[in-house]
Amino acid sequence: MLNRSLSTFMNAFTASDYTLYPFSTQNPKDFQNLLSVYLDAVFFPCLRELDFWQEGWRLEHEDPNDPQTPLVFKGVVFNEMKGAFADNERIFSQHLQSRLLPDHTYAVVSGGDPLCIPDLTWEQLRQFHATHYHPSNARFFTYGDFPLEQHLKQIHEEALSKFEKIEPRTAVPAQRPWPEPREFQITCARDSLAAGSSEQTTVSVSFLLPDITNTFEAFTLSLLSSLLISGPNSPFYKALVESGLGTDFSPDAGYNGCTREAYFSVGLQGIAEKDIQTVRDLVDRTLDDVILQGFEDDRIEALLHKVEIQMKHQSASFGLALASGAVTPLQHVASCWNHGGDPVECLKLGSQVARFRQRLEENPKFLQEKLKQYFKDNRHKLILSMKPDDQYAEKQAQVEAEKLKQKVDSLSPEDKQRIYEKGLELQTQQSRPQDASCLPALKVSDIEPRIPVTELDVVLAGGETPVQLCAQPTNGLVYFRALSSLNTLPEELRPYVPLFCAVLTKLGCGVLGYREQAQQVELKTGGMAAAPCVLPDDSHLDTYEQGVLFSSFCLDRNLPDMMHLWSEIFNNPRFEEEEHFRVLVRMAAQELSNGVPDAGHVYASVRAGRTLAPAGDLQETFEGMDQVRLMQRVADMADVRPVLRKLPRIKKHLLSCDHLRCSVNATPQQMSRAGTAVDTFVRSLGRSQKERKPLRPHVVEKPALGGSSPVMRRLVMEPTFTPCQVKTHFLLPFPVSYVAECVRTAPYSHPDHASLKVLARLMTAKFLHTEIREKGGAYGGGAKLSYGGMFTLYSYRDPRSTETLQSFVKAVDWARSGRFTQQDIDEAKLSVFSAVDSPVAPSDRGLDHFLYGLSDEMKQKHREQLFAVHREALVDVSTRYLGPGRSTHGLALLGPDNARTAKDPSWIVR
């Protein structure tokens, strides 16, 4: 359906005690189509044995065509979960939940323990479906402005009316409380990317909390959790993170309201094993101190202000986030409803806040009493520690090998023959085109021919700094952004720009220390952030803009305060807080290291494109494996002062009104006041006494914020750049791999870009999905085209790295031979337009114009080029850009040892 719909989201999620099947679309006909298919898929699936073999797990010969090759485990979900548990944070979080709630469903891995998945049979799956996937055990959630009556009628006619009501008996019983605390220690793989290789132990202290269906108690405990751990003013941040014992809070720290009974957890990761008891003592002592002293009124107000902002902020996926609890941790609608709670009560945050204020007014020790009740006096307490084992991967592989041997040894000759025949049958099914004609589909003619117009104004602040004004229904919030150029920054400082951005709003400014600054940010804004930007040009592959994007938002009443904070950050940042800087460095390094297993395909893609365009090297520096390794080295430094001294040098080139542009999204009524506030901010900034020259000699100028603007964007151009092929393998202790191959093609405004975009979707849906996921067993894979013209083929959690590279070659051959139909092309266009036309939140409208200079006219022209893509154009671009010897390719691989890359001298192994 991804290719027969204009869906803006489509997926299926596995929680610990329910599955969620969400989709969204802006087209009424499409909504009805998708609802029909989802109802069929959930309540009336075929559940064929071959599908179970393909998607779940199977025994199959290494070469399915040769029964003499060894039998091995295969299957998409099997490899997905192996990849999931390559993440040490995931291992810790899973054990925390399983051991704190051991009596029922939470004791097991809902997504499937890789070593238990081979025990599941097809018959068990079918029986589980029959008893659980019944309308009597289902809940339906819709959000949007399509008529509700039509949804209810369709759900009744296509599902509910076809079943008799049953008693599903799927309620999760309450966990029996423990008479005494419990303690466990587990092991994990050593993280080769983490700082402090000898200090990789994690410990946490966790407490079981009340049933989440008590919405006010859940609301109160969620707020209490935030007061305990959020930000540098919180007690546990001061006691644990700033103790110097570890790198960051332990995984899953804070309030978790996704299980029937909630829980709270706090601890440290990146500690020495000898410090486990010290951390435990610090947790107990901190709780005692807070029970005695309580919380400052300003911190409570800052937290309630945060709730108010979260209630007003609109995201493009607000409905989905509301159902899943992602809008704010206070709203776990799906979890609460799943256990018999009232979903509407979960949404009444205004009344919950009022009730919370009333309780505090009636009893100033309200929160301290809750702490004593649920923490100090709670015997259902878990101490969990995890330490690295250098043999962990080998031990896991050994257990898997033993499980495989056990399965194989139990097979009769007839069983083995059946497995061989089933493998051949599965191969035949995978190679046969699927007949999707029974599925409903939109037509290309259902796509809106024109884009909606975004009205923009441009004014000058401080006499010459351009400000883009975009009037939108922002619900009483003001969104501010500023982009500052990096063109004059010396080369040796570039690797430290991401670190500069990470700490800039957290070290203090003006008269405010870092704690006072954090308090003001929470009281007056929805957050203040800085991030490095590499913005490819729309028309030239070897041209790009480099800068830092500053962003924040606030309630209308707090706009002057927010802009004053930005003035202080730009003019008077405090870079002398050495100890807090060290804390922030450790946290940033730990976060980067922890993120690699989940985003391995992204890191591989960035690396593969590094040498194909001038922007690629900078992207690798800012957001690639080079940045992960740099932060690891900085975090390991005994003396961080040499790095700290780089920050004021970066500030001189960045924090001024030289080559700055700003944008504001707000309601029409707020716009005049917002423009005045931005003007005041710009006038407060310094300007260089003399014009600094760009470090790179070739700079091209383009109109900033529209062709009529007198202010120009300054883009770096490297006319002598020569792309080259580099193949890099990062050796990492993962059981699966992440593979990427990048090809230099055509940027956004080039006529071929539209054809390449449709081609990427066509190759994904009609070739790569079958080859990489269905046949190869990887969790994901496909092709994508970036705005800057990088065509990327990739795989995710892939058991067959080098074979996947051959699949990439086959995919190109398939495209060049034109083995696709007009229906395939139309479906690819539908899929492309579902992304092009995905909803944009009011806060983000006009952002592509602000960052890239993309006008509505340019986007409309590109839209018309997408409509016009035809078969001959697809064959042509696949031959001219992707064919052998045509464009320069780059390859990257993240994962375990690989005999082929080790022997091939063209691969750089790191």
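Bear in mind that the values here come from a model prediction, so they are computed numbers and not experimental data.

**Q** Is there a simple way to think about the overall build of the protein in this case?
**A** Across its full length, the protein carries 34 helices and 26 strands. A globule of 910 residues ought to have a C-alpha radius of gyration of about 29 Å, and the protein, at 28 Å, matches this closely. Each of the three principal axes of the protein carries a C-alpha extent, and together these read 85 × 70 × 60 Å. Put simply, the protein has 910 residues, and 55% of those count as buried. Contacts in the protein between residues far apart in sequence, at least 24 positions, make up 79% of those at least 6 positions apart. Total accessible area on the protein is roughly 39200 Å²; 51% of this is exposed by carbon and sulfur atoms.

**Q** Just to check I follow, could you spell out the packing of aromatic side chains for this structure?
**A** One pair of aromatic rings is described through two measures. These are the centre distance and the angle between the planes. Within the structure shown, the criterion is met by 33 aromatic pairs. Measuring from ring centre to ring centre gives 6.2 Å for Phe356 and Phe366, while their planes differ by 70 degrees; the resulting arrangement is edge-to-face. Taken together, the positions of Phe356 in helix H14 (residues 349-362) and Phe366 in helix H15 (residues 366-376) put the pair 10 residues apart, joining distant regions of the chain. With respect to burial, Phe356 and Phe366 carry one shared label: buried.

**Q** Just checking my understanding: could you explain the packing of helix H7 (residues 215-229) against H15 for this structure?
**A** When two helices pack together, their arrangement is given by the angle between the helix axes and the distance between those axes. For the pair H7 and H15, interaxial distance at closest approach is 11 Å and the crossing angle is 95 degrees. Classified by the angle between their axes, H7 and H15 sit roughly perpendicular to one another. Here H7 contributes Phe216, Glu217, Thr220, Leu221, Leu224, Leu227 and Leu228 to the contact with H15, which in turn contributes Phe366, Leu367, Lys370, Leu371, Tyr374 and Phe375. When grouped by side-chain class, the residues that make up the contact of H7 with H15 number 10 nonpolar, one polar and two charged.

**Q** Please clarify how the UniProt feature "domain: Peptidase M16C associated" (unreviewed entry) in the protein should be interpreted in this entry.
**A** Under the present numbering, the feature "domain: Peptidase M16C associated" (unreviewed entry) in UniProt falls on residues 386-634. Counting secondary structure, residues 386-634 comes out at 47% helix and 18% strand; the distance between its end C-alpha atoms is 25 Å.

**Q** Would you mind going over the environment of Met763 with me for this structure?
**A** Here Met763 lies in helix H28 (residues 751-775). By relative accessible area, which is 0% here, Met763 ends up buried. When the C-alpha atoms of Met763 and Gly782 are compared, they prove to be 7.2 Å apart, with 19 residues separating the residues in sequence. Those residues in contact with Met763 that sit more than four places away from it in its chain are Leu768, Phe791, Leu793, Ala811, Val812, Trp814, Ala815 and Leu882.

**Q** Please clarify how the packing of helix H21 (residues 578-595) against helix H24 (residues 625-636) should be interpreted in this entry.
**A** Orientation of H21 relative to H24, taken along the N-to-C sense of each, is 145 degrees, at an axis distance of 9 Å. The element H21 and its partner H24 pack so that their crossing is left-handed. Two secondary-structure elements touch here, H21 through Val585, Ala588, Ala589 and Leu592 and H24 through Gln627, Val628, Met631, Gln632, Val634 and Ala635. Looking at the contact of H21 with H24 residue by residue, the classes come out as eight nonpolar, two polar and no charged.

**Q** So what exactly am I meant to see when it comes to the side chain of Ser36 here?
**A** Tracing the backbone through its elements, the reader meets Ser36 in helix H1 (residues 28-43). A polar atom in the side chain of Ser36 sits 3.0 Å from the side chain of Gln154. Excluding anything up to four places from it in sequence, Ser36 contacts Gln154 and Glu158.

**Q** Where do I start with the sheet that holds strand E22 (residues 737-744) in this structure?
**A** Paired through backbone hydrogen bonds, the strands of a sheet run either parallel or antiparallel to each other. A sheet is described by the order of its strands in space; here six strands give the open sequence E23-E24-E22-E25-E21-E26, paired in mixed fashion. Two strands in the sheet have a free side with no partner beyond their single neighbour: strand E23 (780-785) and strand E26 (907-909). Within this sheet the neighbouring strands show an average axis-to-axis angle of 15 degrees, counted without direction. Helix H29 (residues 801-817) contacts E22, strand E24 (790-798), strand E25 (889-895) and E26 of the sheet and is inclined by roughly 30 degrees relative to E22.

**Q** How should I be thinking about helix H3 (residues 76-84) in this particular structure?
**A** Given 3.6 residues per helical turn, the α-helix brings residues three or four places apart onto the same face. Across the nine residues that make up H3, a large majority, eight, are buried. Taken together, the buried positions of H3 are occupied by Val76, Phe78, Asn79, Glu80, Met81, Lys82, Gly83 and Ala84. In the core, the buried residues of H3 are packed alongside helix H2 (49-55), strand E6 (71-74), helix H4 (88-100), helix H16 (392-409), H28 and E24.

**Q** Could you clarify how one ought to interpret the pairing of E6 in this entry?
**A** Side-chain direction in a regular strand flips from residue to residue, so the side chains alternate between the two faces of the sheet. The alternating pattern of E6 places Leu71 and Phe73 and Val72 and Lys74 on opposite faces, both of which are buried. Note: strand E5 (residues 58-61) against E6, four bridges, orientation antiparallel. In the strand pairing of E6, Arg58 is matched with Lys74.

**Q** Can you help me understand the state of the cysteines in this one?
**A** Formally, a disulfide is one covalent bond, and it connects the sulfur atom of one cysteine to the sulfur atom of another. Under the counting rule described, the total for this entry stands at zero disulfides. Here Cys501 stays free of any disulfide, with the sulfur of Cys533 as its closest cysteine sulfur at 8.5 Å. For Cys501, a relative accessible area of 3% puts it in the buried group. Here Cys724 stays free of any disulfide, with the sulfur of Cys742 as its closest cysteine sulfur at 13 Å. You can call Cys724 partly exposed: its relative accessible area is 37%.

**Q** How should the pattern of salt bridges be read in this particular structure?
**A** For side chains bearing opposite charge, pairing can occur when the charged atoms are close. Under the counting rule described, the total for this entry stands at 61 salt bridges. Residue Asp288 is joined to Lys376 by a salt bridge in which the shortest nitrogen-to-oxygen separation is 2.8 Å. Here Lys376 lies in helix H15 and Asp288 lies in helix H9 (residues 276-293), a separation of 88 residues in the sequence. Between Asp848 and Lys859 there is a salt bridge whose closest N-O contact spans 3.0 Å. Taken together, the positions of Asp848 in helix H31 (residues 847-852) and Lys859 in helix H32 (residues 856-868) put the pair 11 residues apart, joining distant regions of the chain. Via salt bridges that share partners, Arg607, Arg610, Asp617, Glu620, Asp626 and Arg910 belong to a single interconnected network.

**Q** What is the right way to read the pairing of E24 from this model?
**A** Where burial is concerned, most of E24 is hidden: nine out of the nine residues are buried. When E22 meets E24, the two strands line up antiparallel, connected through seven bridges. Residue Val743 lies in a different strand from E24, and its bridge partner there is Phe791. Linking E23 back to E24 in an antiparallel pair, the connection comprises four residues, with Gly789 at a positive phi of about 95 degrees.

**Q** Explanation requested: unusual backbone geometry in the structure shown.
**A** Excluding glycine, residues mostly carry a negative phi; peptide bonds, for their part, are mostly trans. Even without being a glycine, Leu47 presents a positive backbone phi close to 50 degrees. If you trace the backbone, Leu47 turns up in the loop between H1 and H2. Phi is positive for Asn475, which is not a glycine, with a value near 65 degrees. As for its position among the elements, Asn475 is in the loop between strand E14 (465-471) and strand E15 (477-485).

How each quantity is defined
Residues numbered from 1 in each chain as written. Predicted model: local features only at pLDDT ≥ 70, side-chain atom pairs only at ≥ 80, totals over all residues. Heavy atoms only, no water. Helix = DSSP H or I, 4+ residues; strand = E, 2+ residues; numbered from the N terminus. Rg over C-alpha atoms; globule rule 2.2 N^0.38 Å. Buried < 20%, exposed > 50% of the residue type's maximum accessible area, 1.4 Å probe, protein only. Contact = heavy atoms within 4.5 Å. Areas by Shrake-Rupley, 256 points an atom, 1.4 Å probe, with all protein chains shown as cover. Phe/Tyr/Trp six-rings, centres within 6.5 Å; stacked < 30°, edge-to-face > 60°. Axes fitted to C-alpha atoms, helices over the stretch in contact; angles between N-to-C directions. Parallel < 35°, antiparallel > 145°, perpendicular 65-115°, else oblique. Nonpolar A, V, L, I, M, F, W, Y, C, P; charged D, E, K, R; others polar. UniProt positions renumbered as here; feature names shortened; annotations may be inferred. Left-handed = near helix turned anticlockwise from the far one by under 90°. Polar contact = N/O pair within 3.5 Å; in protein donor to acceptor, adjacent residues only side chain to side chain. Pairing = 2+ DSSP bridges. Disulfide = S-S within 2.5 Å. Salt bridge = Lys/Arg side-chain N within 4 Å of Asp/Glu carboxyl O.

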